[in-house]
Amino acid sequence: MKQVFSAIALIMALLMMPTCSKKDAPFINNPGNTGDYNKPVGASSREFLSSNSFTSLAVEIQYISGYAPDAAALDQLKQFLTARLNKPGGITISTKAIADPGEATLSLSRIREIEQHNRTVFNKGTQLSIYILYSNSDFTDAGTLGIAYRNSSAALMGKKIHDNSGGFGQVSRTKLEATVLEHEIGHLLGLVDLGASMQSAHKDVTHGNHCSNQQCLMYYASETTDVFGFLAHNNAPLLDAGCLADLKANGGK
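Residues numbered from 1 in each chain as written. Predicted model: local features only at pLDDT ≥ 70, side-chain atom pairs only at ≥ 80, totals over all residues. Heavy atoms only, no water.

Draft legend 1. Inspection of the environment of Tyr134 at higher detail. As for its position among the elements, Tyr134 is in strand E4 (residues 127–135). Each C-alpha atom of the pair Tyr134 and Ser65 lies 9.6 Å from the other, and the pair is 69 residues apart in sequence. Setting aside chain neighbours within four positions, we find Tyr134 in contact with Ile61, Gln62, Tyr63, Ile64, Tyr67, Pro69, Leu74, Leu156, Glu177 and Leu181. Side-chain polar atoms of Tyr134 contact the side chain of Glu177, separated by 2.8 Å. (Helix = DSSP H or I, 4+ residues; strand = E, 2+ residues; numbered from the N terminus. Contact = heavy atoms within 4.5 Å. Polar contact = N/O pair within 3.5 Å; in protein donor to acceptor, adjacent residues only side chain to side chain.)

Spelled out as structure tokens, the structure:
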């Protein structure tokens, strides 16, 4: 009987021990607190928008060779961020090639792992950070062009964007890439109803945390292949009045 109680006690002790889940897995190059980068999308909305805690922003973009970011799209991203964020210390964007994971399709958990092993830019002092991966693989949902998956992390399906832009009869690469890039950043900033509280009812209930205005940057199609037709006949979408009001109310410009 004593052995039975001892076994039960051992099992209970093991169950109560802290475990390290995939969500809490360490960032290999991170000298600080892993928890700062494992929060839900939108959790850092106010930190991005205001200058209360962080006065500058560093954006790290890593890509697989052959799928480097479009320079003009990055210029547009910087303009987009400068127009919306209160960061008097400035906004910088750096790019770096990383090893090819060699996988035709990437799951969300695999994208997380790639970031955890490669990200090198983290929050430091009054500098906030964002990580963006440009992959040469499809996402598990083949219609996806981009995804925001942590409070300061996003990924673009670089190969799919390249394959569907810049060629004869296709939308310009700059227009497509900038649209997807800014859309995912919009999620990190708290849109729609993801940390930046809605000042008016404009959430597309059918498609989750997206804007109901089909002309808005935060309409769901901006991160899927559904955007091809829209961009072929229209200018790149901008944030509408509802989304702009949400950002401003949470500390943005």
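Draft legend 2. Inspection of the environment of Phe48 at higher detail. Residue position: Phe48 is located in helix H2 (residues 45–49). Owing to a relative accessible area of 1%, Phe48 belongs among the buried residues under this scheme. In sequence terms Phe48 and Ile130 are 82 residues apart; their C-alpha atoms lie 9.5 Å from each other. Setting aside residues no more than four positions away along its own chain, Phe48 makes contact with Leu57, Leu85, Lys87, Leu128, Ser129, Ile130, Asn151, Ser152, Leu188 and Leu189. (Buried < 20%, exposed > 50% of the residue type's maximum accessible area, 1.4 Å probe, protein only.)

Draft legend 3. Layout of the sheet that holds strand E1 (residues 56–64). Strand order in this open sheet of 5 strands is E2-E1-E4-E7-E6, and the pairing throughout is mixed. The open sheet has two free edges, formed respectively by strand E2 (91–98) and strand E6 (146–150), since each of these has just one partner strand. Taken pair by pair, the neighbouring strands of this sheet meet at an average axis angle of 20°, ignoring direction. Where E6 lies against strand E7 (residues 153–157), 4 bridges are found, and the strand directions are antiparallel. Its bridge partner lying in E7, Arg150 is registered against Ser153. Here helix H3 (residues 71–84) sits on the sheet in contact with E1, E2 and E4, set at roughly 145° to E2. (Pairing = 2+ DSSP bridges. Axes fitted to C-alpha atoms, helices over the stretch in contact; angles between N-to-C directions.)

Draft legend 4. Highlighting empty space enclosed by the protein. Applying the stated criterion across every chain, the model contains 1 cavity of 30 Å³ or more. Quantified by volume, the largest cavity comes out at close to 30 Å³. Along the walls of the largest cavity sit Asp36, Tyr37, Ser44, Glu47, Phe48, Asn123, Leu128, Ser129, Asn151 and Ser152, which together make up its complete lining. Within the residue set of the lining of the largest cavity, elements represented by two or more residues are H2 and E4. Grouping the amino acids of the lining of the largest cavity by side-chain chemistry returns 3 nonpolar, 5 polar and 2 charged. (1 Å grid on protein atoms, 1.4 Å probe; cavity = no way out; pocket = protein on both sides within 12 Å on 5 of 7 lines; lining within 4 Å. Points joined across faces, edges and corners; volume = space filled by probe spheres on them. Nonpolar A, V, L, I, M, F, W, Y, C, P; charged D, E, K, R; others polar.)

Draft legend 5. Examining the pattern of salt bridges more closely. Taken as a whole and assessed by the stated rule, the structure comprises 7 salt bridges. Lys159 serves as the salt-bridge partner of Asp163, at 2.8 Å between the closest nitrogen and oxygen. Of this pair, Asp163 and Lys159 both sit in helix H5 (residues 158–163), separated by 4 residues, roughly a single helical turn. Lys159 gets classed as partly exposed once you look at its relative accessible area, which sits at 32%. A cluster of three or more residues bridged by salt bridges with shared partners is formed by Glu103, Arg110 and Glu113. (Salt bridge = Lys/Arg side-chain N within 4 Å of Asp/Glu carboxyl O.)

Draft legend 6. Inspection of the nonpolar core at higher detail. Leu57, Leu81, Ile132, Ile185 and Met218 are the most contacted members of the largest nonpolar core, which has 42 residues in total. Counting only elements with at least two residues in this core, the list comes to H2, E1, H3, E4, E7, helix H6 (173–188), helix H7 (227–233) and helix H8 (241–249). Ranked by residue count, the leading element in this core is H6, at 5 residues. Contacts of Ile185, omitting those with residues within four sequence positions, involve Leu77, Phe80, Leu81, Ile130 and Ile132. Core analysis: the second largest hydrophobic core is formed by 12 residues, Ile64, Ile111, Leu133 and Phe139 among them. (Core = buried A, V, L, I, M, F, W, Y, C linked by side-chain atoms within 4.5 Å.)

Draft legend 7. Broad picture of the side chain of His183. Tracing the sequence through the fold places His183 in helix H6. You can call His183 buried: its relative accessible area is 0%. There is a polar contact of 3.2 Å between the side chain of His183 and the side chain of His210. Setting aside its immediate chain neighbours within four residues, His183 contacts His210, Leu217, Met218, Tyr219, Ser222 and Glu223.

Draft legend 8. Region of interest: the pairing of E4. By the criterion of burial, E4 is predominantly enclosed, with 8 of the 9 residues buried. Taken together, the 8 bridges between E1 and E4 define a ladder with parallel strand orientation. Within the sheet, the bridge partner assigned to Glu60 lies in E4 and is Tyr131.

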